Every structure is written in C-alpha cells, then in structure tokens.
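Fold and contact review
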Amino acid sequence: MRQIARVLRLLPIAVVGVVPLVAAPPAAQAAPLPMVGLVQLDAGSSATCGVFAGGSVTCWGSGVDFGLGNGSSVNRSVPTAVPGISTAKKVVVGGSFGCALLTNGTVQCWGDNMFGQLGSGQFNHPTTPVAVTGLSGVTDLEAGIAHACAVLTGGTVKCWGNNQSGQLAMTPSMVGEATPVAIAGLTGAVFFTLHQIPVKASLFLVAGLIETTMGTAALSRLGGMMRRSPATAVLFLLAALSLAGIPPLSGFFGKLLLVRAGLEGQAWIVTGVSLAVS
C-alpha cells in the first residue's frame, strides 16, 4: 500500500515531465487602423500627424492642450481625424500644437497657444483648428517647440509664437507674437552674401594681376600703379570700394538692407557696431 501511495504522489510530477504544458492562447490584438493614402507625416514631441492624399489630416498621441485638434484633450493611441481640414498638403507638429498648410496657401493651427503659436492674434486655447491671421501665399511651413515659420511666395519668411531665445529673429522677449511677423534682413543677408562672393573673387584675381604687372606684391613698392597700369588700378579700386559698401556701388545696397533690418529688429548694438567698423 505504501508503494502504491508513493506512486500516486509521484504521478502528477511524471505527467508534467512527460506532457508539456500548453500555454493559453494570446489575447486578440486590435487590428491597426489602415493608413492607406498617407502622403506626408510629421512627429512632434508628444504627437504625430499625417496628411492623406485627399487632403484630410489625422493625429495621434497626447491630447494635452487639445494638441490633436479634435476638440478633446484625451490621449489617442490610434489616428484621429482633425475636423475642418480637408485640403491640407503639409502638416507640421511642434510641442503641443500642430499646423496644416492648405492648398490655397493659408495655414490653420490647433493646440497649445501659450506663446501665440497658433498665429490667431490671441493667446486663448481653442479646441479645434483656427486660421493664422493675415497669412496667404504660403509655399512651405515648419514648426519648432512653440513657434512656427512660413515661406511665402517671393521667398519672404514670416514667423509667430515663442521668441524667448530670438526664434522670430527679433529681440528676445518673454511674450510671444500671436500674429506672423516678417523676418527682417533675410533679403539683405542673401544679397550681401551673393554680392561678396564675386567681389572678393575679383579682388584676388586683381591682386594676381597687380603682382604680374608691377613685379611685386609689397605695398611699399606699389606706388605709381595708376600711372603704370591705370586699368589695373581702376579694377582694384572698384572692387575694393564695392566690398566696403561705398555708394553708389553694389555693395552699398546689401549693407543698407542689413542696417535697415537691424533697426527694424531693434538690434541697436549690433547695428551700431556694424556701422562703426564698416
């Protein structure tokens, strides 16, 4: 009897050792929402949004500050449509806000508006997309953590939102800009840069010509160059004065645009120093 009892006690262990345990079937997973026709995607710090071929926009992630644009502050783990937008061609996502560039060249934004990053002219917190004030002819759009910038037809740039670190190319301030402001000096900077390249190159070429003509590059021995080679002297004088920005030569206009931009941006010290050394 003892042996039979011992066998009975060991029987479950033997069965487990011989017959493998069968794991419970995994719980059914929800099928992912189909993203057929998605043409553009952008991810921010807490949400992601995409544009479909038909122009609609969908977002998912954190709903804090109505950052998904769907009228709710609830987080969404599956894509949710942004109401009122049906002609988008690009979407950008910042910290807790997003913006969509529409096919008609306007922009609509939604979400956090603490620094005016929705560009609506106000600092309120709408629950659905609002139009960016006074903005049209937009060809491209980008967003930072709490500011956004748009490229307009003709190449000008306008930005709005947080400016604590000078993101709007203005003197830094604790209060953001709730309406788009033009980025001063961009045209001047481009003109100045493109102007300096050929002018400096021509100066190097003229310097080589002077050394060939005069037989030396030492300044102390270059006297009388106007008499010996007037054409070379004129070429050097024109390039040097243009580089210095002396009117009416072309370099003057680049410096004028930069100084004007500095004054408009209230960069008094930088503008003053640039005038003093130029």
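Refer to the structure presented above.
Here's a quick rundown of the structure. (Residues numbered from 1 in each chain as written. Predicted model: local features only at pLDDT ≥ 70, side-chain atom pairs only at ≥ 80, totals over all residues. Heavy atoms only, no water.)

Let's talk about the pairing of strand β10 (residues 147-152)
Two elements, strand β9 (residues 138-143) and β10, share five bridges in a ladder whose sense is antiparallel. In the sheet register, V138 faces β10, and the bridge partner there is L152. Here β9 folds back onto β10, and the loop between the two strands holds three residues. Inspection of the sheet shows β10 paired to strand β11 (residues 157-161) by five bridges, in the antiparallel sense. Counted as the bridge partner of H147 is G161 from β11. Adjacent in sequence and paired antiparallel, β10 and β11 are bridged by four residues, among which G154 carries a positive phi angle near 100°. (Pairing = 2+ DSSP bridges. Helix = DSSP H or I, 4+ residues; strand = E, 2+ residues; numbered from the N terminus.)

A look at a nonpolar patch on the surface
A cluster of nonpolar residues, L263, W268, I269, V273 and V277, forms a patch on the protein surface that exposes about 580 Å² of accessible area. The biggest single contributor to the nonpolar patch is helix α6 (residues 268-277), with four residues. In this fold, W268 is placed in helix α6. (Patch = residues over 30% accessible without salt bridge, like charges linked within 9 Å, V, L, I, M, F, W, Y side chains within 5 Å. Areas by Shrake-Rupley, 256 points an atom, 1.4 Å probe, with all protein chains shown as cover. Salt bridge = Lys/Arg side-chain N within 4 Å of Asp/Glu carboxyl O.)

Things to note about the sheet that holds strand β8 (residues 130-131)
One open sheet holds the four strands; their spatial order is β5-β6-β7-β8, and the pairing between them is antiparallel. A strand with exactly one partner marks an edge of an open sheet, and here the two such strands are β5 (88-93) and β8. Of the pairings in the sheet, the one linking strand β6 (residues 97-102) to strand β7 (residues 107-111) comprises five bridges and is antiparallel in character. Looking at β7, one finds that C99 is bridged to C109.

Points about the environment of Q117
Inspection of the secondary structure assignment puts Q117 in the loop between β7 and β8. Put simply, Q117 and P180 are 63 residues apart on the chain and 9.3 Å apart in space, counted from C-alpha to C-alpha. With near-sequence residues (within four places) excluded, Q117 lies in contact with F97, C99, C109, D112, A146, H147, W160 and G161. Side-chain polar atoms of Q117 contact the backbone nitrogen of M114, separated by 3.4 Å. (Contact = heavy atoms within 4.5 Å. Polar contact = N/O pair within 3.5 Å; in protein donor to acceptor, adjacent residues only side chain to side chain.)

Looking at the state of the cysteines
One pass over the structure, following the stated rule, counts three disulfides. Disulfide pairing places C99 opposite C109 at an S-S distance of 2.0 Å. Here C99 and C109 share a disulfide; its torsion about the S-S bond, 105°, makes the bridge right-handed. Of this pair, C99 sits in strand β6 while C109 sits in strand β7, and the two are ten residues apart along the sequence. Put simply, C149 and C159 are joined by a disulfide, and their sulfur atoms are 1.9 Å apart. When the S-S torsion is 110°, as for the bridge of C149 with C159, the disulfide is right-handed. (Disulfide = S-S within 2.5 Å.)

Concerning the pairing of strand β3 (residues 57-61)
Successive side chains on a regular strand alternate, one facing one side of the sheet and the next facing the other. Judged from the five bridges that link them, strand β2 (residues 47-52) and β3 form a sheet pairing that is antiparallel. Residue C49 lies in a different strand from β3, and its bridge partner there is C59. The hairpin formed by β2 and β3 contains four residues between the paired strands, and G55 there has a positive phi angle of roughly 105°.

Considering the pattern of salt bridges
Per the counting criterion, the structure on display carries two salt bridges. For K90, the salt bridge identified is with D140, shortest N-O distance 2.7 Å. With a gap of 50 residues between them, K90 in strand β5 and D140 in strand β9 connect regions that are remote in the sequence. Owing to a relative accessible area of 16%, K90 belongs among the buried residues under this scheme. Looking at D140, the relative accessible area reads 31%, which means it is partly exposed. Note that K90 and E142 form a salt bridge whose closest N and O atoms lie 2.9 Å from each other. Note that K90 is positioned in strand β5 and E142 in strand β9, a separation of 52 residues in sequence. With relative accessibility at 45%, the residue E142 sits in the partly exposed group. The network of salt bridges with common partners includes K90, D140 and E142. (Buried < 20%, exposed > 50% of the residue type's maximum accessible area, 1.4 Å probe, protein only.)

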